[in-house]
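Per-entry structural report
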Amino acid sequence: MIHVRQLQIRAGSFSLSNISFTIPSGRYAVLMGRTGCGKTTLLEGVCGLRRVEAGSIQLHDRDITHLPPASRGIGFVPQEAALFHHLTVAEHLAFALRVRKWPDTHVRARVAEVAESLRLTPLLDRHTHGLSGGESQRVALGRALSFRPEILCLDEPLSALDDETREEICSVLGDLHRSTGVTVLHITHNQREADRLASIVLRLEQGVVSCTQRAP
Amino acid sequence: MTAARSPQPASSIPRDPTGADRAFLAALILLGGSYLLVLVAMLVADASYTSPSHLWKALRSPEIRFAIHLSFLTCTLTAILSIWVAVPIGYLLARWRFPGRALVDALLDIPIVLPPLVIGLSLLILFQTPPGRAIERIIPVTYAVPSVILAQFMVACAFAVRTMRATFDQISPRQEHVALTLGCSRPQAFWWVVIPEAKRGILTAGTLAWARALGEFGPILIFSGATRMKTEVLPTTVFLELSVGNLEAAVAVSLLMVVAAVAVLLIIRTFGAQESLGRPL
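From a predicted model like this one, the values you see are computed outputs, not experimental measurements. (Residues numbered from 1 in each chain as written. Chains lettered and ligands numbered in written order. Predicted model: local features only at pLDDT ≥ 70, side-chain atom pairs only at ≥ 80, totals over all residues. Heavy atoms only, no water.)

Scanning chain A from N- to C-terminus turns up 6 helices and 10 strands. On the principal axes, the C-alpha backbone points of chain A span a range of 45 × 40 × 35 Å. Residues classed as buried in chain A amount to 54% of the 216 residues present. Of the roughly 9,600 Å² of accessible surface on chain A, 49% is carried by carbon and sulfur atoms. (Helix = DSSP H or I, 4+ residues; strand = E, 2+ residues; numbered from the N terminus. Buried < 20%, exposed > 50% of the residue type's maximum accessible area, 1.4 Å probe, protein only. Areas by Shrake-Rupley, 256 points an atom, 1.4 Å probe, with all protein chains shown as cover.)

What follows is the structure in structure tokens.
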């Protein structure tokens with residue numbers, strides 16, 4: 001469960017204040033709102049990439065408000081995938097595990113498992129140059145999920161994809177959520193994505209988050 | 001009834017678009033090509049003024065061999081020092097907003113816009129101040145080899161800083177953000193993500209610093225002097241040979257510098273092309 005209470009975040013001259021919402025464990029929350037309303041700023045605050053000025057963020061019973069991003073256990077997939085061009089697909093999937101100093105055998109097993117679930121096995125030895133948009137997003141998803149995070153934050157991961165690939169990644173996201181049970185916070189502008197994936201819809205309007213529960 | 005369409009002005013549709021394209025392309029080639037032509041003509045003139053025997057004679061001269069050795073040594077050290085300094089400065093300027101950032105940015109351009117002789121003079125004066133004299137008591141700098149490296153470094157580093165700044169500007173901070181969420185500390189994200197992503201930029205900055213250092217003369221003349229077999233680098237040799245009227249030797253040494261510079265550029269371009277194809281460097 002992620003519980004955000006009275007959060008205040010500043011991004012240059014823009015600021016969000018008194019933001020509160022709760023996402024129960026295992027739910028798929030979609031955060032919607034107009035361009036520039038602060039969705040990405042809020043997501044960055046949750047991930048620890050932007051300093052929180054006031055309020056609190058709780059992950060289960062843990063206060064993570066002022067923890068560095070590395071200690072939060074939150075997977076993050078940005079809009080542009082932000083792959084590391086010097087690494088192969090396999091190295092992307094192993095990155096977080098190597099940082100955590102997992103033994104080699106465990107790393108190999110986990111990379112194979114993630115690759116299998118995201119249909120990345122044939123691409124494992126490829127560098128990121130020449131990957132399609134959909135493949136890049138699947139690598140970014142695998143990289144973020146490799147260390148089994150409690151929360152997965154997605155910042156418009158489908159916005160740069162064509163309709164066909166968007167459908168494909170939508171299916172991948174739905175399958176992943178069902179198979180891993182990870183709690184998801186997904187930013188999108190697309191109502192169809194929200195209809196298809198969300199069990200909770202959060203709307204950020206004029207600095208206030210409203211919440212709509214949907215049938216799972 | 002249909003409204004009569006106003007006729008389109010004839011001038012808005014080129015009568016012969018292919019001809020206009022050709023004229024435009026010809027103008028571009030003429031303007032750009034004239035510069036390239038003079039550049040190549042200069043090199044051809046140099047090459048035609050000398051002969052293999054002049055080159056061989058130059059290469060056998062102990063003074064010129066010393067200058068070649070010292071030039072390669074000092075340029076390599078300057079390039080390494082420049083990267084060592086340019087990487088942190090470029091990264092700080094690209095990633096952090098801090099008070100006085102614009103001033104620091106402007107200060108870093110001073111060696112680029114300042115006349116080289118002024119840099120040499122300023123270094124000479126700096127080492128006459130009490131802190132400068134204190135350093136001199138430990139390591140002799142002025143009119144010695146360290147002065148050559150320092151003079152080259154002060155100019156070459158500014159170019160390396162500009163290159164590194166542009167390199168880090170082009171690397172999305174999102175990659176670092178992702179690395180942080182994957183469990184990296186800031187230093188780990190820097191070493192494991194930013195530096196490998198910036199590898200080509202670092203290589204370019206090092207090459208630029210090396211090539212710039214090879215051609216540096218003004219500050220070296222003032223700060224290091226032009227003493228044969230002591231602080232003589234290749235540009236100093238050209239100057240000394242010219243001053244005694246030995247034009248053949250001066251041209252031969254100039255050609256050596258041209259060959260060295262072109263070779264370094266070609267090597268780096270080749271490695272750069274391989275890197276862009278995804279092969280390890």
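Contacts between the two partners involve 17 residues from chain B, matched on the other side by 25 residues from chain A. Counting each side, the surface lost to burial between chain B and chain A is near 1,800 Å², with a carbon and sulfur contribution of 65%. Among the residues chain B hides against chain A, the three largest losses belong to R174, T181 and L182 of chain B. Together they make up 40% of the total. Run the count over chain B and chain A and you get 1 salt bridge. E44 of chain A is the salt-bridge partner of R174 of chain B, the closest N and O atoms lying 2.6 Å from each other. Here chain B and chain A share 7 residue pairs in polar contact (both at pLDDT 80 or more) between them. Top element by residues in the side of chain B that touches chain A is helix α9 (residues 173-181) of chain B. It accounts for 7 residues. Residue classes in the side of chain B that touches chain A are distributed as 8 nonpolar, 7 polar and 2 charged. (Contact = heavy atoms within 4.5 Å. Buried area = accessible area lost by both parts, 1.4 Å probe. Salt bridge = Lys/Arg side-chain N within 4 Å of Asp/Glu carboxyl O. Polar contact = N/O pair within 3.5 Å; in protein donor to acceptor, adjacent residues only side chain to side chain. Nonpolar A, V, L, I, M, F, W, Y, C, P; charged D, E, K, R; others polar.)

On to the packing of helix α2 (residues 52-60) of chain B against helix α3 (residues 62-95) of chain B, then. Residues and elements named next belong to chain B. Between α2 and α3, the least distance of the axes is 5 Å, while the angle of their chain directions is 75°. In terms of axis orientation, α2 runs roughly perpendicular to α3. Taking contact as the criterion, the partners of A58, L59 and R60 in α2 are, on α3, P62, I64, R65 and I68. Its residues assigned to classes, the contact of α2 with α3 shows 5 nonpolar, no polar and 2 charged. (Axes fitted to C-alpha atoms, helices over the stretch in contact; angles between N-to-C directions. Parallel < 35°, antiparallel > 145°, perpendicular 65-115°, else oblique.)

All names here are of chain A. The phi angle at H60 is positive, at roughly 55°, despite the residue not being glycine. Structurally, H60 can be placed in the loop between β4 (52-59) and β5 (62-63). Using a relative accessible area of 34% as the deciding quantity, one classes H60 as partly exposed. Unlike most non-glycine residues, R119 shows phi in positive territory, near 55°.

Next up on the list: the packing of aromatic side chains. Residue and element names in this part refer to chain B. In the structure shown here, the tally under the stated rule is 8 aromatic pairs over all chains. Geometrically, the ring pair formed by F190 and W191 is edge-to-face, given 5.3 Å between the ring centres and 80° between the ring planes. On the basis of relative accessibility, which here comes to 14%, the residue F190 falls in the buried class. By relative accessible area, W191 is classed as exposed at 54%. Between the aromatic rings of F217 and F239, the centroid separation amounts to 5.2 Å while the plane-to-plane angle is 45°, which identifies the pairing as tilted. Of this pair, F217 sits in the loop between α11 (199-214) and α12 (218-223) while F239 sits in helix α13 (residues 234-243), and the two are 22 residues apart along the sequence. Classification of F217 as partly exposed rests on a relative accessible area of 23%. By relative accessible area, which is 34% here, F239 ends up partly exposed. (Phe/Tyr/Trp six-rings, centres within 6.5 Å; stacked < 30°, edge-to-face > 60°.)

Residue and element names in this part refer to chain A. Take S159: it is sitting in the loop between β7 (151-155) and α5 (163-180). By relative accessible area, which is 32% here, S159 ends up partly exposed. Remark: the alpha-carbon pair of S159 and T188, spanning 29 residues in sequence, is separated by 7.7 Å. Not counting the four nearest positions on each side in its chain, S159 is found in contact with Q79 and R166. A polar atom in the side chain of S159 sits 2.9 Å from the side chain of Q79. Within the structure, the side chain of S159 is placed 3.2 Å from the backbone oxygen of E156, a separation counted as a polar contact.

As a further point, take a nonpolar patch on the surface. On the surface, Y35, L36, V38, L39, V40, M42 and V44 of chain B cluster together into a nonpolar patch covering about 690 Å² of accessible area. Relative to the helices and strands, V38 of chain B is located in helix α1 (residues 17-49). (Patch = residues over 30% accessible without salt bridge, like charges linked within 9 Å, V, L, I, M, F, W, Y side chains within 5 Å.)

The next thing to look at is the confidence of the model for chain A. Per-residue pLDDT for chain A averages 91, and the proportion of residues at 70 or more is 99%. At the level of individual helices and strands, chain A shows its lowest average pLDDT in strand β10 (residues 208-213) of chain A, which scores 80, and its highest in helix α2 (residues 89-99) of chain A, which scores 97. (pLDDT = per-residue confidence, 0-100.)

Before going further, it helps to spend a moment on the environment of D46 of chain B. Residue and element names in this part refer to chain B. Residue position: D46 is located in helix α1. Residue D46 is classed as partly exposed on the basis of its relative accessible area of 26%. For the pair D46 and A252, spaced 206 residues apart in sequence, the C-alpha separation works out to 8.1 Å.

On average, residues of chain B score 88 in pLDDT, and 90% of them reach the 70 mark or higher. Within the model, the stretch residues 276-281 of chain B combines pLDDT values under 50 with 9 contacts to residues more than four positions away or in other chains.

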